[in-house]
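Topology and contacts: notes
Each chain, written out:
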Amino acid sequence: MKRPIREHRARPNLVDCKLKCPLDFCKTHDTLCANEIRIMKNKTENLKLGPYTFQSRLILGTGKFSNTETMIRAIEASGTELVTVALRRFNREMPDDDLCAPLAKLKNIKLMPNTSGAMNAKEAVRAAQLGRELSGSSIVKVEIHPNPHHLMPDAIETYAAAKELAADGFVVLPYIPADPVLAKKLEDVGCAAVMPLGAAIGSGGGLSTADMIALIIRDSSIPVIVDAGLRAPSEAARAMEMGCSACLVNSAIAAATDPAAMANAFALGVETGFAARNAGLMQKREIAVATSPLTSFLQ
Amino acid sequence: MKNLPTWLDPEPWLNGTFSAQEAQDALSAESPNEETLAALLSPAAMELLEPMAARAQAITHRHFGRTTQLYVPLYLSSYCPGGCAYCGFASDRKTERHKLSFEQVETELAALKKMGLEELLLLTGERTPQADFDYVLKCVELAAKHFHKVTIEVFPMSGKEYGELAAAGCTGVTIYQETYHPATYKEMHRWGPKADLFQRLETPDRALTAGLRVAGLGTLLGLSDPIFDLLALYRHIRHLQKTQWKSGLTVSFPRIQNETGGFQAPHPVSEKRLAQIIFAFRICLPDVPLVLSTRESAAFRDGMAGLGCNKMSVASKTTVGGYGSEGSEEGQFDVNDNRDVETFCAMLREKELEPVFKNWDATYR
């Protein structure tokens, strides 16, 4: 029995929302660190990945959906402008089985082929080139996981492939372990963003690597996108509050009871987190701040 | 008789008795192990089929999505020098033998391609002059021209031969141990190259070392005590996950079916029991693809789709050829789900599962 599809309300346009703190107001706070000021300045800017800009900061994966129609509905409900699709799911010979063609038809959605299935840099480079040729998109998600069970990314091979593809003119987004040193090395070779994992693909483990992701964000000059592991929109919100530039979500949406509704919820989570980050979260304090200073007796 | 190596021997986990509470605890084990599997395969867990199914389904959705990968077998030859007591192609069966010529292989490939299938499993019996390495190699080369993923279920080979097959476009090998129980293995494999349990046991490791990317393992359910075989199978998988960490592994659950020799399974496994086994494996091996073939009935396959298995054969013939031509008269075993691709996919879609024809690309060779 098919489940009835619910109506989804339009996502709120937070860009014009009063919740977002005007830049002038923020300037009056002299306690903001340089990093926060940088993010404040970016708040009205779009997500930039190489030459491309995106208003939405939610990126969707396209595997695991029960059918193409459900996938398309989820994409539409998410408001995303960038979706990733595995080259191994391109099937030009059988339209019913092809994920690429129905995605390519969507207006205002950019395709990002990924190299899932590649075991090493050589295979990933070849897959990226084929993906670019078939999809016409030069954005590539470099995904190399030699172990096909836990799907953990291979840092060494990913670095080699990313370096070669960036030099070849690709807009490279590497899926990586949450490793701050690797992230900087990938930035140095010309990657457009880095995509550290929050937890294992499909695990729903959430932001188990949060401390490392915070370090990556602190030192990165390119966007940091959490890719893999997110289960709930609140985790996406947390990633954005931490300073991530975007989130990539697949399993959490595809495995939800109502994928389109969950896609919409993730869009709200990402926007809420981003807005909160821009609004300037209050500092965490280990001790209560007394109304009357404890040291007022000191001369 | 030579003993099983320590890394494989299921002995420490046999003969355990499990209470209902212990089976319930195993169902929510955070780090499943041999003990968990033994508990989930125990009679106590038979009462937990519904919660086991729910857990298995949730894990399957999470790891593999709401999809079912499809593959199709193509029997190339029924010549076999083997003496497997349970097999319709054993050398003492009076079945007429057939082998596809390369021209006939091309005809079959064209017919399968027309059906939209992209993952092909090529099968033969044990090594014979009629269907030897060179014959299999040539068939792989032909198939790899048309199909993104070509795998084999033939006879154990040397590392060098597996390397040549990989170079020709072969992605994986299926090699069922049939039974891990040494005495039963000896009884069932009466003569021929398959008679040595240990030579067969080492084959997946050899194939993966030589460059094949995926090994499909399984035991033929019904031959021996299923608890013994399934615990050994689990341990075999766990061992390969450590020693062949870059390789893909899959597990199948073939049950003995009627065949022309009239072999009766000494340890028959009911459908209910088979379901319990599949759920238990899904819970204990959450990221390993589990496969179900057309040996099983349409009703059982429909029920199990998405519940634990994430990969199924479709529209299979177990006769030599049979897709593009009439095929031989007798198959290796009876196919119980005879639906065509369209009908089977319609069922999957009705269950909100996407049939995936292509999940690989020839570029990864």
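Computed from a predicted structure; not experimentally measured.

1. Topic: the overall build of chain A
Check the secondary structure of chain A and you find eleven helices and ten strands. Within chain A, buried positions represent 48% of all 299 residues. The contacts in chain A between residues at least 6 apart in sequence include a share of 63% that link residues at least 24 apart.

2. Here we look at the confidence of the model for chain A
All names here are of chain A. Summarising the model, chain A shows a mean pLDDT of 84, and 84% of its residues fall at 70 or more. Averaged over each element, pLDDT in chain A is lowest for helix α1 (residues 23–27) (37) and highest for strand β7 (residues 171–176) (98). A low-confidence stretch, residues 1–42 (pLDDT under 50), is modelled with 38 contacts involving residues beyond four sequence positions or located in other chains.

3. A closer look at the environment of B:Leu249
Residues and elements named next belong to chain B. Looking at where Leu249 falls in the secondary structure, it is placed in strand β6 (residues 248–252). By C-beta crowding, Leu249 is classed as buried, having 23 other C-beta atoms within 10 Å. C-alpha separation for the pair Leu249 and Tyr162, spaced 87 residues apart in sequence, amounts to 16 Å. Apart from the residues within four sequence positions on either side, Leu249 is in contact with Ala215, Leu217, Ile237, Leu240, Gln241 and Val288.

4. Considerations on helix α11 (residues 259–279) of chain A
Over its 21 residues, α11(A) extends 30 Å from the first C-alpha to the last, a length consistent with the 30 Å expected when each residue adds 1.5 Å. Of all 21 residues that make up α11(A), 16 are buried, and the element is covered over most of its length.

5. Examining the interface of chain A and chain B
Listed per partner, the contact involves 28 residues of chain A and 25 residues of chain B. Of all the secondary-structure elements, those providing two or more residues to the side of chain A that touches chain B are α5 (121–135) and α10 (251–254) of chain A. In terms of residue count, the dominant contributor to the side of chain A that touches chain B is α5(A) (four residues). By residue class, the composition of the side of chain A that touches chain B is eleven nonpolar, eleven polar and six charged.

6. Details of unusual backbone geometry
Even without being glycine, A:Lys64 reaches a positive phi, approximately 75 degrees. With respect to the helices and strands, the residue A:Lys64 is situated in the loop between β3 (58–61) and α3 (68–78). At B:Glu178, a position not held by glycine, the phi torsion is positive, near 70 degrees.

7. A closer look at the nonpolar core
In terms of nonpolar packing, the biggest core is built from 106 residues, with B:Leu40, B:Leu76, B:Leu120 and B:Leu122 touching the most fellow members. Listed in part, the 87 residues of the second largest apolar core include A:Leu49, A:Val85, A:Leu87 and A:Met262.

8. Concerning the pairing of strand β1 (residues 67–75) of chain B
All names here are of chain B. Most of β1 sits inside the fold, with nine of its nine residues counted as buried. Residues Thr67, Gln69, Tyr71, Pro73 and Tyr75 point to one face of β1 and Thr68, Leu70, Val72 and Leu74 to the other, with burial holding for every one of them. Note: β1 against strand β9 (residues 354–356), three bridges, orientation parallel. Within β9, the residue paired with Thr68 across the bridge is Pro355. Sheet topology places β1 next to strand β8 (residues 311–313); three bridges connect them, and they run parallel.

Cut-offs and rules
- Residues numbered from 1 in each chain as written.
- Chains lettered and ligands numbered in written order.
- Predicted model: local features only at pLDDT ≥ 70, side-chain atom pairs only at ≥ 80, totals over all residues.
- Helix = DSSP H or I, 4+ residues; strand = E, 2+ residues; numbered from the N terminus.
- Buried ≥ 20, exposed ≤ 12 C-beta atoms within 10 Å, placed from the backbone.
- Contact = placed C-beta atoms within 7 Å.
- pLDDT = per-residue confidence, 0-100.
- Expected span 1.5 Å × (residues − 1).
- Nonpolar A, V, L, I, M, F, W, Y, C, P; charged D, E, K, R; others polar.
- Core = buried A, V, L, I, M, F, W, Y, C linked by C-beta atoms within 7 Å.
- Pairing = 2+ DSSP bridges.

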